[in-house]
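# Report on the structure
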Amino acid sequence: MIRVPDAPRPVAAAGTPAARNWAANRFLAPALITAILLGGHLSFGILESYERTLLAIAASLLAEAVLGRLTYGRWPHLASAYITGISVGILIRSPLAWPYAACSLLSIASKYVLRVRGRHVWNPSNFGVCAMLWLAPSTVAVLSIQWGNALWPMMIIWALGAVAVWRVGRLHICVTYVAAFLALSFARSWIGDGPWLAEAAPVTGPMYQLFVFFMITDPRTTVRSGRAQCVVVLAVALVEAALRLAEVVYAPFYALFLVGPAAMLVELYRQPGASAAARDRLDG
């Protein structure tokens, strides 16, 4: 997930290019995910309700504020929590209200509790969604609808998303994953003897917009090397393809849940300096 910083950083003089770029990058990701929410809901009604989405956002903001204050003794920037809350509000499907709040709380808490050498290793919203699917499978599902036959919402979101991830140096991750997904869709179609378009179509849905632009690109929970990042997302795509062939529902979330932390742990134990360098990276 594209994130904004929690840790204090050198302050650029107001009005300088550095200050303007910092402000632009800070609010670009929240603007993008808000566009996904509004575009998807106004065009296709992807939200269960505004109230439950607002509940997810409020729970995420509150958890971040309280845990950040208790852990670091200061109020954290809340853009990251806003992104997590909207992700939960879009992705979670339940007839009840409490799963939205619970998923946001689990997502934010995972950042502070499940840490190795000062870093959390799971993408927060991915962890929260997977946890809810395991803990409450009878009352929780995940958004899975496509954009239908209208291409303009997809094109707008992809254009905004490409700009956002390019600004933070993560576009190669998205391109690698989408290319791998499309290539593997041919293999899944051949093995499963089904139409190729049925295998490729999910990547155009709002669920995958969040997955591609926010979850697999999360700076705090991806490895440092650009080449290694591409290898990891290829592994995510391969595990997802295997899970899809095994008819596992919500395969992309489970694939990232398994592959992402494993890659992070390998890096942390092979590169002792990675945890110190993490303090200078964007927060997830």
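Residues numbered from 1 in each chain as written. Predicted model: local features only at pLDDT ≥ 70, side-chain atom pairs only at ≥ 80, totals over all residues. Heavy atoms only, no water.

## What about the overall build of the chain?
When helices and strands are counted, the chain shows 12 helices and 4 strands. Counting all 284 residues of the chain, 50% fall into the buried class. A sequence separation of at least 24 residues applies to 76% of the contacts in the chain between residues at least 6 apart. As presented, the chain carries roughly 12600 Å² of accessible surface, and 70% of it is formed by carbon and sulfur atoms. (Helix = DSSP H or I, 4+ residues; strand = E, 2+ residues; numbered from the N terminus. Buried < 20%, exposed > 50% of the residue type's maximum accessible area, 1.4 Å probe, protein only. Contact = heavy atoms within 4.5 Å. Areas by Shrake-Rupley, 256 points an atom, 1.4 Å probe, with all protein chains shown as cover.)

## Regarding unusual backbone geometry
The backbone of Arg-117 shows a phi angle near 50 degrees, a positive value even though the residue is not glycine. By the element assignment, Arg-117 lies in the loop between β2 (115–116) and β3 (119–120). The backbone of Glu-247 sits at a positive phi, close to 60 degrees, despite the residue not being glycine. Examined against the element boundaries, Glu-247 turns out to sit in the loop between α10 (226–245) and α11 (251–270). Using a relative accessible area of 71% as the deciding quantity, one classes Glu-247 as exposed.

## A short note on the confidence of the model for the chain
On average, the chain scores 82 in pLDDT, and the residues at 70 or more come to 80%. Taken as a whole, residues 2–24 scores under 50 in pLDDT and shows 52 contacts with residues more than four places along the chain or in a different chain. Between residues 276–284, whose pLDDT stays under 50, and residues either more than four places distant or in other chains, the model counts 34 contacts. (pLDDT = per-residue confidence, 0-100.)

## Considerations on the nonpolar core
Tyr-177, Phe-211, Phe-214 and Phe-253 are the most contacted members of the largest nonpolar core, which totals 60 residues. Setting aside its immediate chain neighbours within four residues, Phe-211 contacts Tyr-177, Ile-216, Val-236, Pro-252, Phe-253 and Leu-256. (Core = buried A, V, L, I, M, F, W, Y, C linked by side-chain atoms within 4.5 Å.)

## Quick notes on empty space enclosed by the protein
Going through the model one piece at a time under the given rule, you end up with 1 cavity of 30 Å³ or more. In this structure, the largest cavity encloses a volume near 150 Å³. If you go around the largest cavity, you meet 18 residues; those closest to its centre are Ile-216, Thr-221, Thr-222, Leu-256 and Gly-260. Counting only elements with at least two residues in the lining of the largest cavity, the list comes to α10 and α11. Split into classes, the residues belonging to the lining of the largest cavity amount to 12 nonpolar, 6 polar and no charged. (1 Å grid on protein atoms, 1.4 Å probe; cavity = no way out; pocket = protein on both sides within 12 Å on 5 of 7 lines; lining within 4 Å. Points joined across faces, edges and corners; volume = space filled by probe spheres on them. Nonpolar A, V, L, I, M, F, W, Y, C, P; charged D, E, K, R; others polar.)

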